[in-house]
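Here is how the chains run, residue by residue.
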Amino acid sequence: MVELLPLSNIEPQAVEDLLDAAFGTDRFGRTAYRIREGVDAVPALSFALVEDGALLGTIQCWPVAHRAPDGSEAPLVMVGPVAIRPDVQRGGHGRALMVQMLDAAETQADGALMMIGDPEYYGRFFGFTADVTGEWDLPGPFEKRRLLARAVNGHSLPTGAGMIGPR
């Protein structure tokens, strides 16, 4: 039986092992890690997919912010990583985790959502776009077309220039 559980119910080392398997042990050098450096995942928006006690996948969300050149700050929630065990990828597990997170975000997110991801997938199935992110900057290399955002829970998306980083 497949269950969606709060990520806080899962042993942290099991999550790290899954992330290593899905993204490699060199994952810590990626820009996404710099964006969320020093903050803890948002428990209400982070989930695990478990089948018969085995961890199949996770989704984590992080408190980040858009800091404009004038010093103003807008809270955001960074979505990701969405990690699925390599031997069960393409089985709809990532989609199930995204749906669970988005349902929770509609009532519990304290800012709009942002992510680095494939716009063809996350746009088509989950409503993320790069429409307002063109002037956003990240603390490391990234493809502008992959910087995506989505409004949720009454929170609008910040527009204009700004650096994304932890809050």
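Caption draft 1: Main features of the environment of Val-99. Along the chain, the position of Val-99 falls in helix 3 (residues 93-108). In the structure, Val-99 is positioned 26 residues away from Phe-125 in sequence and 9.6 Å away in space, judged by C-alpha atoms.

Caption draft 2: Main features of the pairing of strand 8 (residues 162-166). In terms of strand pairing, strand 3 (residues 54-67) meets strand 8 through four bridges, oriented antiparallel. Residue Arg-67 lies in a different strand from strand 8, and its bridge partner there is Met-163. Note that strand 6 (residues 136-137) and strand 8 share two bridges and pair parallel. Note on strand 8: the bridge partner recorded for Asp-137 is Met-163.

Caption draft 3: Highlighting helix 4 (residues 119-126). Residues Pro-119, Tyr-122 and Phe-126 constitute the buried set of helix 4. Within helix 4, the buried residues cover an arc of 100° as seen down the axis, which keeps them to one side. Between the side-chain oxygen at the start of helix 4 and the backbone nitrogen of Glu-120 there is a gap of 3.2 Å, and the oxygen is on Asp-118. Following helix 4 by one or two positions, Gly-127 has its phi on the positive side, about 80°.

Caption draft 4: Highlighting the nonpolar core. By size, the foremost hydrophobic cluster in this structure holds 26 residues, and its most contacted members are Leu-45, Val-79, Met-98, Met-101, Leu-113 and Phe-128. Those elements that provide at least two residues to this core are strand 2 (47-51), strand 3, strand 4 (73-84), helix 3, strand 5 (112-116) and helix 4. In terms of residue count, the dominant contributor to this core is helix 3 (six residues). Counting residues in each nonpolar core, the second largest holds 14 residues, with Ala-32, Leu-138, Leu-147 and Ile-164 among its members.

Caption draft 5: Examining the packing of aromatic side chains more closely. Scanning the entire structure with this criterion turns up seven aromatic pairs. Between Tyr-121 and Phe-126, the aromatic rings sit 5.6 Å apart at their centres with planes inclined by 70°, giving edge-to-face as the arrangement. Each ring, one from Tyr-122 and one from Phe-128, has its centre 6.5 Å from the other, and the planes form 85°; the classification is edge-to-face. Judged on exposure class, the residue Tyr-122 and its partner Phe-128 are both buried. By the ring-pair criterion, three or more aromatic residues cluster together here, those being Tyr-121, Tyr-122, Phe-125, Phe-126 and Phe-128. Sitting above the plane of the Tyr-33 ring, Arg-36 keeps its charged end 4.1 Å from the centroid. Note that Arg-95 overlies the ring of Phe-125, its terminal NZ or CZ placed 3.9 Å from the centroid.

Caption draft 6: Fine view of the pattern of salt bridges. Throughout the structure, instances matching the rule amount to eight salt bridges. The salt bridge partner of Arg-27 is Asp-20, with a shortest N-O separation of 2.9 Å. Of the residues examined, Asp-20 reaches a relative accessible area of 25% and is grouped as partly exposed. Where Arg-145 meets Glu-120, a salt bridge forms, and the shortest distance between an N and an O atom there is 3.2 Å. Of this pair, Arg-145 sits in the loop between strand 6 and strand 7 (147-150) while Glu-120 sits in helix 4, placing them 25 residues apart in sequence. Within this structure, Glu-16, Asp-20 and Arg-27 form a network of salt bridges that share partners.

Caption draft 7: Local environment of the pairing of strand 2. Among the five residues that make up strand 2, four are buried, leaving the element largely enclosed by the rest of the structure. Across five bridges, strand 1 (residues 2-6) lies against strand 2 in antiparallel orientation. Within strand 2, the position partnered with Leu-4 by the bridge is Leu-49. For strand 2 and strand 3, the ladder comprises five bridges, and the chain directions are antiparallel. Its bridge partner lying in strand 3, Glu-51 is registered against Ala-54.

Each value, and the rule that gives it
Residues numbered from 1 in each chain as written. Predicted model: local features only at pLDDT ≥ 70, side-chain atom pairs only at ≥ 80, totals over all residues. Heavy atoms only, no water. Helix = DSSP H or I, 4+ residues; strand = E, 2+ residues; numbered from the N terminus. Pairing = 2+ DSSP bridges. Buried < 20%, exposed > 50% of the residue type's maximum accessible area, 1.4 Å probe, protein only. Arc of directions from axis to C-beta. Polar contact = N/O pair within 3.5 Å; in protein donor to acceptor, adjacent residues only side chain to side chain. Core = buried A, V, L, I, M, F, W, Y, C linked by side-chain atoms within 4.5 Å. Phe/Tyr/Trp six-rings, centres within 6.5 Å; stacked < 30°, edge-to-face > 60°. Lys NZ or Arg CZ within 6 Å of the ring centre and 35° of its normal. Salt bridge = Lys/Arg side-chain N within 4 Å of Asp/Glu carboxyl O.

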